Amino acid sequence: MRAVESRYSAEHHMASVNLIFDDEQTAYLRELSEKMNLDFGEFIPHATLINVTEQDIPRLKLAAAALPSLDKLVLDGVNFLPDEAGNCVWVELRVQKTSWMVEVRRKLLEMLDDIHPGLDIDGFRPHITIGCVEAGTLGDVDMSAIPRQLPVITKPRAAACYNGMHGKVVEVVE
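Report follows, based on the coordinates. A quick note: this is a predicted structure, and the numbers were derived from the prediction, not measured. (Residues numbered from 1 in each chain as written. Predicted model: local features only at pLDDT ≥ 70, side-chain atom pairs only at ≥ 80, totals over all residues. Heavy atoms only, no water.)

1. Notes on the pattern of salt bridges
Selection criterion: Salt bridges are counted wherever a side-chain nitrogen of Lys or Arg sits within 4 Å of a carboxyl oxygen of Asp or Glu. Secondary structure elements follow DSSP: runs of H or I no shorter than four residues count as helices, runs of E no shorter than two count as strands, and numbering proceeds from the N terminus. Note on exposure labels: buried denotes an accessible area under 20% of the residue type's maximum, exposed denotes more than 50%, and partly exposed covers the range between, all computed with a 1.4 Å probe on protein chains only.
The full count for this structure, using the stated rule, is eight salt bridges. A salt bridge links Arg 30 to Glu 42; the shortest N-O distance between them is 3.2 Å. Here Arg 30 is found in helix 1 (residues 23-35), whereas its partner Glu 42 is found in the loop between helix 1 and strand 2 (46-52), with twelve residues between them in sequence. For Arg 30, a relative accessible area of 29% puts it in the partly exposed group. Because the salt bridges share partners, they merge into one network encompassing Asp 56, Arg 59 and Asp 114.

Quick look at the structure:
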């Protein structure tokens, strides 16, 4: 299976504040993607809190640092989301939406009110994208790789990030 080209331009989301994970949890998510036959290439697993089109990384770093810590993310299933053009299907792990996430999103929207295009507090689905496949090839995805009980991701941390193609995080800015 080969990676899919989306119709989004490289500039669709240029930077973001995300929850990122330790090395062990990151390796697990990359391996899960591979075991499921999702040719997603190199990616940094993350749960997006806010995407912005402006790369004001110093402000994003300050915003991420101002967020309260979180003990865990609970994963509760798999989503399949077709892209707008119908070329590919994104494969995501659902993350339970909590009051912490809603409050953090509100804070981010306040802190970054001039660099996010028309976002609202509730207008997001917490998830971790682990790959995409060409439309019509979902039968090639190995769902047996998904454990009966998805792991809990412990101690995720907020970080400013640069995004590449398809919204994949390509660099965490420390």
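Picking up where we left off.
2. Structural notes on the environment of Phe 80
Just so we agree on the cut-off: Throughout, a residue-residue contact means that at least one pair of heavy atoms, one from each residue, lies within 4.5 Å.
Locating Phe 80 in the fold gives a position in strand 3 (residues 72-82). A C-alpha to C-alpha distance of 9.1 Å links Phe 80 and Leu 93, two positions 13 residues apart in sequence. Contact partners of Phe 80, with chain neighbours within four places excluded, come to Val 89, Trp 90, Val 91, Leu 138 and Met 143.

3. Concerning the packing of aromatic side chains
Convention followed: Under the pairing criterion, centres of Phe, Tyr and Trp rings, with the six-membered ring standing for Trp, must be within 6.5 Å; the plane angle then separates stacked pairs below 30 degrees from edge-to-face pairs above 60, leaving the rest tilted. Only lysine NZ and arginine CZ atoms are considered, and such an atom sits over a ring when it is within 6 Å of the ring centre and within 35 degrees of the ring normal.
All told, the structure shown has zero aromatic pairs when counted by the stated rule. Geometry around Phe 124 places Lys 97 over its ring, the cationic atom sitting 4.7 Å from the centre.

4. Description of the sheet that holds strand 8 (residues 169-173)
Spelled out, the test is: Here a strand pair is declared whenever DSSP counts at least two bridges between the two strands. The angle between two axes is taken between their N-to-C directions and runs from 0 to 180 degrees, where each axis is a line fitted to C-alpha atoms and a helix contributes only its stretch in contact.
Here we have four strands laid out as an open sheet, ordered 2-1-7-8, and antiparallel in their pairing. Of all strands in the sheet, those bounded by a partner on one side alone are strand 2 and strand 8. Averaged over all adjacent pairs, the angle separating strand axes in this sheet is 35 degrees, with direction ignored. Of the pairings in the sheet, the one linking strand 7 (residues 157-163) to strand 8 comprises four bridges and is antiparallel in character.

5. A look at the nonpolar core
What counts, and what does not: Residues belong to one nonpolar core when they are buried, are Ala, Val, Leu, Ile, Met, Phe, Trp, Tyr or Cys, and are joined through side-chain atoms within 4.5 Å.
Counting residues in each nonpolar core, the largest one holds 43 residues, and the members touching the most others are Met 36, Leu 60, Leu 73, Leu 93, Leu 108 and Ile 128. Those elements giving two or more residues to this core turn out to be strand 1 (15-20), helix 1, strand 2, helix 2 (57-65), strand 3, strand 4 (88-95), helix 3 (99-111) and strand 5 (127-134). Looking at which element gives the most residues to this core, the answer is helix 3, with five residues. When residues no more than four places from it in sequence are discounted, the contact partners of Ile 128 are Phe 21, Leu 29, Pro 45, His 46, Ala 47, Leu 75, Val 91, Glu 92, Leu 93, Val 95 and Ile 153.

6. Here's the deal with helix 1
We count it as follows: Multiplying 1.5 Å by the helix residue count minus one yields the expected span of that helix. The arc in question is traced by the directions running from the helix axis to the C-beta atoms. What qualifies as a polar contact is a pair of N or O atoms within 3.5 Å, subject to a donor-acceptor requirement within protein and to the restriction that residues adjacent in sequence count only when both atoms come from side chains.
Here helix 1 contains 13 residues, and its C-alpha end-to-end distance of 18 Å stays within 8% of the 18 Å for a straight helix at 1.5 Å per residue. Considered for burial, the residues of helix 1 that qualify are Gln 25, Thr 26, Leu 29, Leu 32 and Ser 33. Angular distribution of buried residues about the axis of helix 1 spans 125 degrees; they occupy a single face of the element. Among the exposed residues of helix 1, those pointing more than 90 degrees away from its buried face are Asp 23, Glu 24, Glu 34 and Lys 35. Those residues of helix 1 hidden inside the fold are in contact with strand 4, strand 5 and strand 6 (152-154). Between a side-chain oxygen at the N-terminus of helix 1 and the backbone nitrogen of Glu 24 the separation is 3.2 Å; the capping residue is Asp 22. Just beyond helix 1, the residue with positive phi is Asn 37, at close to 70 degrees.

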